[in-house]
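# Tertiary structure, described
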Amino acid sequence: MVLSEAKKGQWYIIEEVDTASSHAGSRYYQLGIIAGEKVMLKRCAPIFKDPLLIQISDSQLALTKAEAALIKIKALGS
Amino acid sequence: MSLVGLIGLPNSGKSSIFNELTKNRQRVANFPGITVEKKLGKISGYDFDFNLIDLPGVYTLDVSTLDEKVTRDYLFKKVNDEQASVFILVIDATNLKKSIYLAAQLNEIGQKFVIALNMADLAKNRGQEIDTEVLSKKLGGAPVIPTVAVQGKGMQELLLAVKKLSAQTNETVELPKDYQKKIKAPAYIKEKLDFVDEVVKAVILKKIKKDAFTEKLDSVVLHPFWGPLILGVTLIAIFQLLFSWSDPFMGMIESFFEFLSLQVTTILPDGYLKSLIVDGVIAGVGGILVFLPHIVFLFVIIYFLEDFGYLGRAAFLLDYIMRKVGLPGKSVVPLLSSHACAIPGIMSARIIENPFQRMLTIMISPLTTCSARLPVYTLLIAAIVPDTKVLGFLGLPGLVLFALYMFGILSAFAVAYIARKTYAPTSPSYLMMELPPYRTPRIVNVLRGALQKGWIFIKKAGSIILVLSMIIWVLVSFPKAPDNAQLPQIHYSYAATIGKTFEPIFSPLGFDWKITTALIPSFAAREVLVAAMGTVFAIEAEDVEEEAFIGSLSHTLTDEYTLATLLALLVWFVFAPQCIATFGVIKKETNSYKMPLIFGAYTLALAYFFSFLTYIILS
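To start, this report covers the structure provided alongside it. (Residues numbered from 1 in each chain as written. Chains lettered and ligands numbered in written order. Predicted model: local features only at pLDDT ≥ 70, side-chain atom pairs only at ≥ 80, totals over all residues. Heavy atoms only, no water.)

### Looking at the overall build of chain A
The cut-off we apply is this: Going along the chain from the N terminus, every DSSP run of H or I of four or more residues is numbered as a helix, and every run of E of two or more is numbered as a strand. Computation of the radius of gyration draws on C-alpha atoms, with the globule rule given as 2.2 Å multiplied by the number of residues to the power 0.38. Burial classification: accessible surface area is computed with a 1.4 Å probe over protein chains only, and a residue below 20% of its type maximum counts as buried, one above 50% as exposed, and the rest as partly exposed. Contacts between residues were defined by any pair of non-hydrogen atoms, one from each residue, lying within 4.5 Å. Only the protein chains shown count as cover for residues, with accessible areas throughout obtained via the Shrake-Rupley method and a probe of 1.4 Å.
For chain A, the helix and strand inventory stands at 2 helices and 5 strands. Each helix and strand of chain A, placed in order from N terminus to C terminus, yields the pattern β-α-β-β-β-α-β. At 11 Å, chain A has a C-alpha radius of gyration in line with the 12 Å of a compact globule built from 78 residues. With the C-alpha coordinates of chain A rotated into their principal frame, the extents come out at 30 × 30 × 25 Å. When each of the 78 residues of chain A is scored for burial, the buried share is 58%. By sequence separation, contacts in chain A at least 24 residues apart represent 57% of the contacts at least 6 residues apart. Carbon and sulfur atoms make up 52% of the accessible area of chain A, which amounts to about 3200 Å² in all.

Written as structure tokens, this is what we have:
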């Protein structure tokens, strides 16, 4: 599954980041979105449910649904 | 004197260290040829002789934006005029991990640097323990100095370390061959990230506790219901404060210049000199200074919200809607402020990181209904719209005014949408950003920054505005009316000649030479149209805001012109760039003469087209 489909408040592990398809490119790893990191979907923006707010490492990141859809995740412990 | 570069991640606290070390002695300019802000300063209040440059934030040396490239060029000797030899790497101690990548790269290219471990107190309070010795060892022996910039803590030690380092070396590093390509390779990134993990494991003895305050506040500020509500209230409050705070000051500035011109009028004999000083110089300078309250207050609010951390939250909440027209969430601030006045609005577009989106916001902001349009709208609505009620309680003039506001903002969005589709269909824009923890805003820095903005406006935009207003003064005042003149001065002026010359061009809009002539002084500021119309039709008034004056002028207009002409004129004022200050500030903010010219051309074209459309449909 991908991060845009994640359940709120649950921890996942990032499997793969498809940076090649995104214009955000190197921002992913620069902001700590790297395979192997733990990630949690904290909240969605009101009304349109886009962008998303995620917790990764010690920081909160905001990113659009499309940007989150490029992040492959798996449930923690699976 | 050696130049010390401040480098670090965005939000790492670089600016607060810069502000603390330089106090007020800083210079803000643009980097040559681009609109990236360059902040230079001299160490002040500490016994060290350095110049300091605050470089745009970067995450790693793998740079992508214009701002980031500036930083890279400073590191690699690509900038000719000034070159930093020693760098201070500012690291946010509460977010240590992210900075280690950059630190490792600085070390790798052989750059000498000192680490300012900023917000050390906050990290400690939240239970974090860092082994600074090991951190230094892992990063090639770079000195690590814990600092609390906003309290001035650690500054002395930091400068001492810088001095020691700069005594050792005077060389700048060169960009290693193929480095830019090398650092994009996945294998390289993997290796560096592993190194970051290794350093974090060795250095962080006790992990930081969550920032409970930020969590709590975010659960309200970003709440599905309360979030938009708070945002709405905040935006309305910004708008209201901008008006109510600025108003008395603007009144004071206006009265002062009225007083001044009255004094000069009584002292000097009638003639060219008097006219030059009163109508040219005093009116011109007064016309520039009157923008100051708006600029300063808007930036007080913006810097406060930015320091506090709310601006990023607002961008998050508004991102979806603004993205639809190709603008970032933050563009709401310039667009909203432009409803008071486009000048501070355009200046505030600097909060937008993406250069294309910043430019786009600057270009469309003046289409929103600024307060200088209100006197014009009031006059024309009084002339056109009958004062009747719709649905029994809604005044028709009020509804028309509301429709004009909507028309302005929708036009701005439409232009943004089309420009974006045309010029940057695939321009790299992304939201991805950190929402940093909330912090207590530093009022001193907020005020200092806002005053600085005002000063820069006067210095950088003022000269252009003054020159343009002098040109307008010449056009309106010369040649002088003959001694036995029956008509007001303006009828004999160059402005009238131009008005008559251009009449054929404007007659498809229903404008005669009198309207065209009145448009010329109105380039100084839109509201001047009201007085200019009064002058053209020789209606005397003590005060152009007087109801009797508006009444008789609107009657004259209704008698003189058809509904089609007056509506076309109203539409003209929605689009036309009738404000030289806007040109001055666009020149200043875009650092080019091309952009104000493009702005003038496109808004004139829109004004002409829509006025023409209005006129032919109605007549």
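On we go from here.
### Re the overall build of chain B
Counting secondary structure elements, chain B contains 26 helices and 12 strands. Computed over the C-alpha atoms, the radius of gyration of chain B is 28 Å, within 12% of the 25 Å expected from 2.2 N^0.38 for a compact globule of 619 residues. Overall, the C-alpha framework of chain B stretches about 90 × 60 × 45 Å when taken along its three principal axes. Burial analysis of chain B (619 residues in total) assigns 54% to the buried set. Look at the contacts in chain B between residues 6 or more apart in sequence, and 72% of them connect residues 24 or more apart.

### Some remarks on the side chain of Ser554(B)
As for its placement among the helices and strands, Ser554(B) is situated in helix α23 (residues 547-560). Excluding anything up to four places from it in sequence, Ser554(B) contacts Leu379(B), Ala382(B) and Ala383(B).

### Focus on the interface of chain A and chain B
Definition in use: Take the accessible area each of two parts loses on contact, using a 1.4 Å probe, and add the two losses: that sum is the buried area. A carboxyl oxygen of Asp or Glu within 4 Å of a side-chain nitrogen of Lys or Arg is what we treat as a salt bridge. Under the scheme applied, nonpolar residues are Ala, Val, Leu, Ile, Met, Phe, Trp, Tyr, Cys and Pro; charged residues are Asp, Glu, Lys and Arg; polar residues are all the others, including Gly. DSSP-based pairing: two strands are paired if at least 2 bridges between them are found.
Each partner contributes residues to the interface: chain A has 33 residues there, and chain B has 37 residues. Carbon and sulfur atoms supply 61% of the area that chain A and chain B bury against each other, a total of about 3100 Å² over both sides. Our count for the chain A to chain B interface comes out at 4 salt bridges. The salt bridge involving Glu68(B) is made with Arg27(A); its shortest N-O contact spans 2.7 Å. Elements with a contribution of two residues or more to the side of chain A that touches chain B: α1 (27-30), β2 (38-44), β3 (52-56) and β4 (59-63) of chain A. Considering only residue class, the side of chain A that touches chain B consists of 17 nonpolar, 9 polar and 7 charged. Relative to strand β12 (residues 433-434) of chain B, β4(A) runs antiparallel, the two sharing 2 bridges. In the sheet register, Ala62(A) faces β12(B), and the bridge partner there is Met433(B).

### Brief notes about a nonpolar patch on the surface
Residues and elements named next belong to chain B. The line we're drawing: Patch definition: residues with relative accessible area over 30% and no salt bridge; like charges joined within 9 Å; nonpolar side chains (Val, Leu, Ile, Met, Phe, Trp, Tyr) joined within 5 Å.
Where nonpolar side chains cluster on the molecular surface, the patch consists of Phe609, Phe612, Leu613, Ile616, Ile617 and Leu618 and spans about 540 Å² of accessible area. Looking at the element boundaries, Phe612 is found in helix α26 (residues 594-618). The class of Phe612 is partly exposed, set by a relative accessible area of 30%.

### A word on the pattern of salt bridges
The tally for this structure, following the rule as stated, stands at 22 salt bridges over all chains. For Asp54(B), the salt bridge identified is with Lys14(B), shortest N-O distance 3.2 Å. Separated by 40 residues along the polypeptide, Asp54(B) in strand β4 (residues 51-54) and Lys14(B) in helix α1 (residues 14-22) bring together distant segments of the chain. Asp54(B) sits in the buried class, given a relative accessible area of 6%. Residue Glu191(B) pairs with Lys192(B) through a salt bridge whose shortest N-O separation is 4.0 Å. Taken together, the shared-partner salt bridges connect Glu37(A), Lys97(B) and Asp197(B) into one network.

### Some remarks on unusual backbone geometry
A cis amide bond links Asp50(A) to the next residue, Pro51(A), at an omega of 0 degrees. Relative to the elements of secondary structure, Pro51(A) occurs in the loop between β2 and β3.

### Some thoughts on the packing of aromatic side chains
Residue and element names in this part refer to chain B. Rules: Note on aromatic contacts: the rings of Phe and Tyr and the six-membered ring of Trp form a pair at centre separations within 6.5 Å, being stacked when their planes are under 30 degrees apart, edge-to-face when over 60 apart, and tilted otherwise.
Taken as a whole, this structure holds 22 aromatic pairs over all chains when the rule is applied. Geometrically, the ring pair formed by Phe609 and Phe610 is edge-to-face, given 5.2 Å between the ring centres and 80 degrees between the ring planes. Overall, Phe609 belongs to the partly exposed group, its relative accessible area being 45%. For Phe610, a relative accessible area of 27% translates into the label partly exposed. What links up through ring pairs into an aromatic cluster is the set Phe407, Phe575, Phe609 and Phe610.

Function-wise, these values are silent; they only describe arrangement.
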